[in-house]
Amino acid sequence: MRGENGGELQVSNASERRTLFLKMAGRPEGVSAAEVYRRAVELGDTVTEEAYYNLARRLAHRGLLVPTQAARGTQYKLGAYADSQWLEEDQLSALIDPEYP
C-alpha cells in the first residue's frame, strides 16, 4: 500500500487490515488470507495469521468478500456492490403473496 506522499504505509489497525484485504481481493484471481497476511507482515503488521483468517470470515459474512474454492485453497474476491442488489418495483411485487394479509 502506498500513502498519499508515495511512501509505504504501515498496517497497524483493523481499518488498515480491512482496506488491505479488500484492495488485494480486487485482483481478478482473488487472494487468500495467507497472501494478505504475508503482505501485511511486509508492511509492519504484528498480528497473527489467524487474525487474517478471522477477518476474511467477517468480511465474507458481511458480503464484502466472496469465498471460492481453488486448487490453492480458499480464494476471496470482492463481493457484490450494494447497487447491484437493488430490486425494481415489479420484482418486489412478484415476491409478495397477494393472499397473505
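Residues numbered from 1 in each chain as written. Predicted model: local features only at pLDDT ≥ 70, side-chain atom pairs only at ≥ 80, totals over all residues. Heavy atoms only, no water.

**Student:** Outline the confidence of the model for the protein, listing residues and values.
**Tutor:** Per-chain confidence: the protein averages 84 in pLDDT, with 82% of residues scoring 70 or above. Confidence scores differ between elements of the protein, with helix H4 (residues 89-95) showing the lowest mean pLDDT of 79 and helix H2 (residues 33-42) the highest of 96. Low confidence marks residues 1-6, where pLDDT is under 50. Its contacts with residues over four positions away, or in another chain, come to 14 contacts. (pLDDT = per-residue confidence, 0-100. Helix = DSSP H or I, 4+ residues; strand = E, 2+ residues; numbered from the N terminus. Contact = heavy atoms within 4.5 Å.)

**Student:** So what's going on with the pattern of salt bridges? Which residues, and what values?
**Tutor:** One pass over the full model with this rule turns up five salt bridges. Here Glu35 and Arg72 are joined by a salt bridge, their closest N and O atoms 4.0 Å apart. In this pair, Glu35 is assigned in helix H2 and Arg72 in the loop between strand E1 (65-70) and strand E2 (73-78), connecting sequence segments 37 residues apart. Using a relative accessible area of 60% as the deciding quantity, one classes Arg72 as exposed. In this structure, Arg39 engages Glu42 in a salt bridge whose closest nitrogen and oxygen atoms are separated by 3.0 Å. Here the residue Arg39 and the residue Glu42 both occupy positions in helix H2, the gap between them amounting to three residues, near one helical turn. If you follow the salt bridges from partner to partner, you end up with Arg27, Glu29, Glu35 and Arg72 in one network. (Salt bridge = Lys/Arg side-chain N within 4 Å of Asp/Glu carboxyl O. Buried < 20%, exposed > 50% of the residue type's maximum accessible area, 1.4 Å probe, protein only.)

**Student:** Quick rundown of H2? Include the residues and the values.
**Tutor:** Those residues of H2 not exposed but buried are Ala33, Ala34, Glu35, Val36 and Ala40. Buried-residue contacts for H2 involve helix H1 (14-25), helix H3 (49-61) and E2. Backbone geometry just after H2 places Gly44 at a positive phi near 100°.

**Student:** If you had to explain the packing of H1 against H3 to someone new, which residues and values would you point to?
**Tutor:** The interhelical angle for the contact between H1 and H3, taken along N-to-C directions, is 70°, at an axis separation of 11 Å. Taken together, the axes of H1 and H3 lie roughly perpendicular to each other. Of the residues in H3, those touching H1 at Arg17, Arg18, Phe21 and Leu22 are Tyr52, Leu55, Ala56 and Leu59. Considering only residue class, the contact of H1 with H3 consists of six nonpolar, no polar and two charged. (Axes fitted to C-alpha atoms, helices over the stretch in contact; angles between N-to-C directions. Parallel < 35°, antiparallel > 145°, perpendicular 65-115°, else oblique. Nonpolar A, V, L, I, M, F, W, Y, C, P; charged D, E, K, R; others polar.)

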